[in-house]
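# What the coordinates show
Each chain, written out:
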Amino acid sequence: MAVAVPGAATPKKQKGRPGSGIPARLSIRILVWVRRVSQAGFLGLFLYFLFQTGFRGSFASAETAVRLPLPVEGFLLADPFVAAMTLLSTHTIYRGLVWSIGLLALTLVVGRVFCGWICPFGTLHHFFGWIFPSRYLRGNKRVESNKTAPGRQRVKYYLLYAFLAASLMGSVIGGLFDPICVAVRAIGLAVIPAVQYVTGVASTLSGATGMRPVQGAADSAQDFLAQTVWQSKQFYFHHTWFIGILFVAILFMNRIIPRFWCRVLCPLGAFLGVFARFALFGMEKDHAKCTDCNLCLVNCQGADSPQGGVKWRQDECHMCMNCENACPEDVIKFKFLPNRKSALTVPDTGRRTAIATAAAGAVMIPAARIADVIDANYDHKVIRPPGSVEEREFLERCIRCAECMKVCPNNALHPAFFEAGIEGIWTPILIPRIGYCEHSCVLCGQVCPTGAIQKITEEQKMGIGQKPVSIGTAFYDQGRCLPWGMATPCIVCEEFCPTSPKAIWVEEVDIPKRLPIAGDNGKEPEMTTVHVQRPHVDPSLCIGCGACEKVCPVQDKPAVYVTNVGESRSKTNVILLEDTNYNRPG
């Protein structure tokens, strides 16, 4: 019930506003529009960076080192949750991640402004809820859904505690839930390839129409998109369907709970919520003026209890300003150094549950590592990108952001499913049959925000004046190899081997071969002699790039394949004894 204050000037009622019709302050109305522009701008910037995470030129013609002109990993470098995880796991902070300190400083001043103004994943949910409104969330259901729900909103804090504890035990598996990582992974590996596939089909269908204007328009659109959004060829990613389904499911949940991800699951939001308790900027409420019109709740993004009669949840507020903009009774005021009497600043989590979830996160890592995938039965298919650090350190640093997979020009890097165990899910592995590692390319290390893949130079990778970086070794299945098993000339693998001197060399031999036609009167086919070049691998020169496996003409299972043995980053995963420590002098 609104109470008039004796002597106070009565604000003029604004036409069209309910209740007392008191207009929001001009500064708040401007800020709401600035926030909308900010959301659109940062989402556009994020997508632009994602589209530019790729190289569309030719390495053969490049005279200078190939580098991306833009800091496409910028959003990840400013992510304080990523910085905190890597700090706990490695006890160091990667120099690029110092940008996240700026975001923490911003949170200490104005609260979770990142969630409401900057986060592209949050904006995506906001936009999805606006463009696809749910009939379920109308009237009182909308109001109820926007009230603080302590039970489900605590979940993100428990996830935060579990992931930080896991980091302390040596794994940044929390990257699976980081919103920027989720956005890069889902849009880069699932949405963009899916849209590319659909437009490719549409282009093919337009070509079948026989109508020249339609064909011309389709070709022009394809050319434009290939130069700005994706590469000229269709990219495929390992088990990306799972990533895509999860992404759609998360978006769909906005039809039941607005900003579902931000309110329930986001560990970055929880991390910022912990620091938001110290924010200098916040809300003051005059509870006596509230008429329970619930307009603030209808427009609330964070479910932070902006209505009168209850305390405001500072740790949950996205600073969208919608509540003050909507309030017709002048109940809400955002200001610096507000009165804290009507605010709850500390996250509402049960101490015992918080301790239990943190313990669960800490226990998960040794539980995952007593499985055989790291120490006892390391999967030969786990071929890490060139420049990757040793496997345990790799798991301490890799946040599963998929930047390396997105930037790979040959579609060689893919998200692991369970090849590297449950701890290694969605970490990058090279699948040579889909794409090989370009000999002079070091882009994956350039975009890695945490140093899991080191920023090596072309000279280091190719071994100019030093030993080259190896990610594995090629082997032959002689029963499937055309010259070896079928007396058929073929040197494709040798021709594509990029090292100098070539790691694949051929042995010139004349061998007997039975003619493919029956002899006279049904006799056995006659024999002839053919000259073939049988390929061999020199393991001391092979770098495991996978070019030979990619181009092998034997379909389904290739005759030459690459495993991770001999990778430079490991001192034990070796094939040549002279590379082991105990054979080195001194």
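Since the structure is predicted, the reported quantities are computational estimates derived from the model, not experimental observations. (Residues numbered from 1 in each chain as written. Predicted model: local features only at pLDDT ≥ 70, side-chain atom pairs only at ≥ 80, totals over all residues. Heavy atoms only, no water.)

### A short note on the overall build of the protein chain
A tally of regular secondary structure across the protein chain gives 24 helices and 10 strands. A principal-axis box enclosing the C-alpha atoms of the protein chain has dimensions of 115 × 75 × 45 Å. Scored against the burial criterion, the 586 residues of the protein chain give a buried share of 52%. Pairs at least 24 residues apart make up 75% of the contacts formed inside the protein chain by residues separated by at least 6 positions. Counting only carbon and sulfur atoms, one obtains 63% of the accessible surface of the protein chain, whose full area is about 27,400 Å². (Helix = DSSP H or I, 4+ residues; strand = E, 2+ residues; numbered from the N terminus. Buried < 20%, exposed > 50% of the residue type's maximum accessible area, 1.4 Å probe, protein only. Contact = heavy atoms within 4.5 Å. Areas by Shrake-Rupley, 256 points an atom, 1.4 Å probe, with all protein chains shown as cover.)

### Observations concerning the pattern of salt bridges
In total, this model carries 19 salt bridges according to the counting rule given. A salt bridge links lysine 289 to aspartate 330, with the nearest nitrogen and oxygen atoms 3.4 Å apart. Pair noted here: lysine 289 is in the loop between β1 (281-285) and α15 (295-299) and aspartate 330 is in the loop between α16 (322-326) and β3 (332-336), with a separation of 41 residues, a long-range link. For lysine 289, a relative accessible area of 21% corresponds to the partly exposed category. Among the residues examined, aspartate 330 registers a relative accessible area of 24% and is labelled partly exposed. (Salt bridge = Lys/Arg side-chain N within 4 Å of Asp/Glu carboxyl O.)

### Quick look at a nonpolar patch on the surface
Taken together, the side chains of Leu108, Val109, Phe278, Leu280, Phe336 and Leu337 define a hydrophobic patch exposed on the protein surface, amounting to about 580 Å² of accessible area. Positionally, valine 109 belongs in helix α4 (residues 99-110). (Patch = residues over 30% accessible without salt bridge, like charges linked within 9 Å, V, L, I, M, F, W, Y side chains within 5 Å.)

### A look at helix α1 (residues 26-51)
Between its first and last C-alpha, α1 extends 37 Å over 26 residues, near the 38 Å set by a 1.5 Å rise per residue. Along α1, the positions that sit buried rather than exposed are Ile28, Val32, Arg35, Ser38, Gln39, Leu43, Phe46, Phe49 and Leu50. Buried-residue contacts for α1 involve α2 (74-77), α5 (113-118), α6 (120-131), α10 (179-208), α16 and α19 (403-407). (Expected span 1.5 Å × (residues − 1).)

### Digging into the confidence of the model for the protein chain
For the protein chain, the average pLDDT comes to 91, and 96% of its residues sit at 70 or higher. With pLDDT under 50 throughout, residues 1-5 is counted as low confidence; its partners more than four residues away or in other chains account for 10 contacts. The model gives residues 582-586 a pLDDT under 50, and that stretch makes five contacts with residues more than four places away or in other chains. (pLDDT = per-residue confidence, 0-100.)

### With respect to the pairing of β1
Of all five residues in β1, four are buried, a share of seventy percent or more. Looking at chain direction, β1 and β3 are connected through five bridges and run antiparallel. Bridge pairing in β3 links glycine 282 to lysine 335. (Pairing = 2+ DSSP bridges.)

### As for the environment of serine 171
Mapped onto the elements, serine 171 comes out in the loop between α9 (155-168) and α10. A relative accessible area of 0% places serine 171 in the buried class. It is 35 Å that separates the C-alpha atoms of serine 171 and tryptophan 312, two residues lying 141 residues apart in sequence. Setting aside anything within four residues of it in sequence, one finds serine 171 in contact with Ser89, Ala166, Ile365, Arg369, Leu395, Glu396, Arg400 and Glu423.

### Description of the packing of α1 against α6
Contact geometry for α1 and α6: axes closest at 9 Å, N-to-C directions at 115°. Where α1 crosses over α6, the two elements pack in a sense that is left-handed. Contacts from Arg35, Gln39, Phe42, Leu43 and Phe46 of α1 reach α6 at Pro120, Thr123, Leu124 and His126. (Axes fitted to C-alpha atoms, helices over the stretch in contact; angles between N-to-C directions. Left-handed = near helix turned anticlockwise from the far one by under 90°.)

### What to know about unusual backbone geometry
In this structure, the amide linkage connecting serine 500 to the following residue, proline 501, adopts the cis form with an omega of 0°. Mapped onto the fold, proline 501 is located in the loop between α23 (492-496) and β8 (504-514). Phi angles above zero are rare outside glycine, and arginine 259 is one such case at about 50°. Note on placement: arginine 259 falls in the loop between α12 (240-252) and α13 (260-265).

### A few points about the packing of α9 against helix α14 (residues 267-276)
The N-to-C vectors of α9 and α14 enclose an angle of 90°; their axes lie 8 Å apart at closest approach. On the basis of their axis angle, the class for α9 and α14 is roughly perpendicular. Between α9 and α14, the contacting residues are Lys156, Tyr157, Leu160 and Phe163 on the first element and Pro267, Ala270, Phe271, Gly273 and Val274 on the second. Residue composition of the contact of α9 with α14, by class: seven nonpolar, one polar and one charged. (Parallel < 35°, antiparallel > 145°, perpendicular 65-115°, else oblique. Nonpolar A, V, L, I, M, F, W, Y, C, P; charged D, E, K, R; others polar.)

### Things to note about the environment of valine 447
With respect to the helices and strands, valine 447 occurs in helix α20 (residues 443-447). Its relative accessible area of 2% is what places valine 447 among the buried residues. Distance in space between the C-alpha atoms of valine 447 and glutamate 73 is 5.9 Å, their sequence separation being 374 residues. Valine 447 has contacts with Leu68, Val72, Glu73, Glu403, Cys404, Val407 and Lys455, leaving out every residue within four places of it along the chain.

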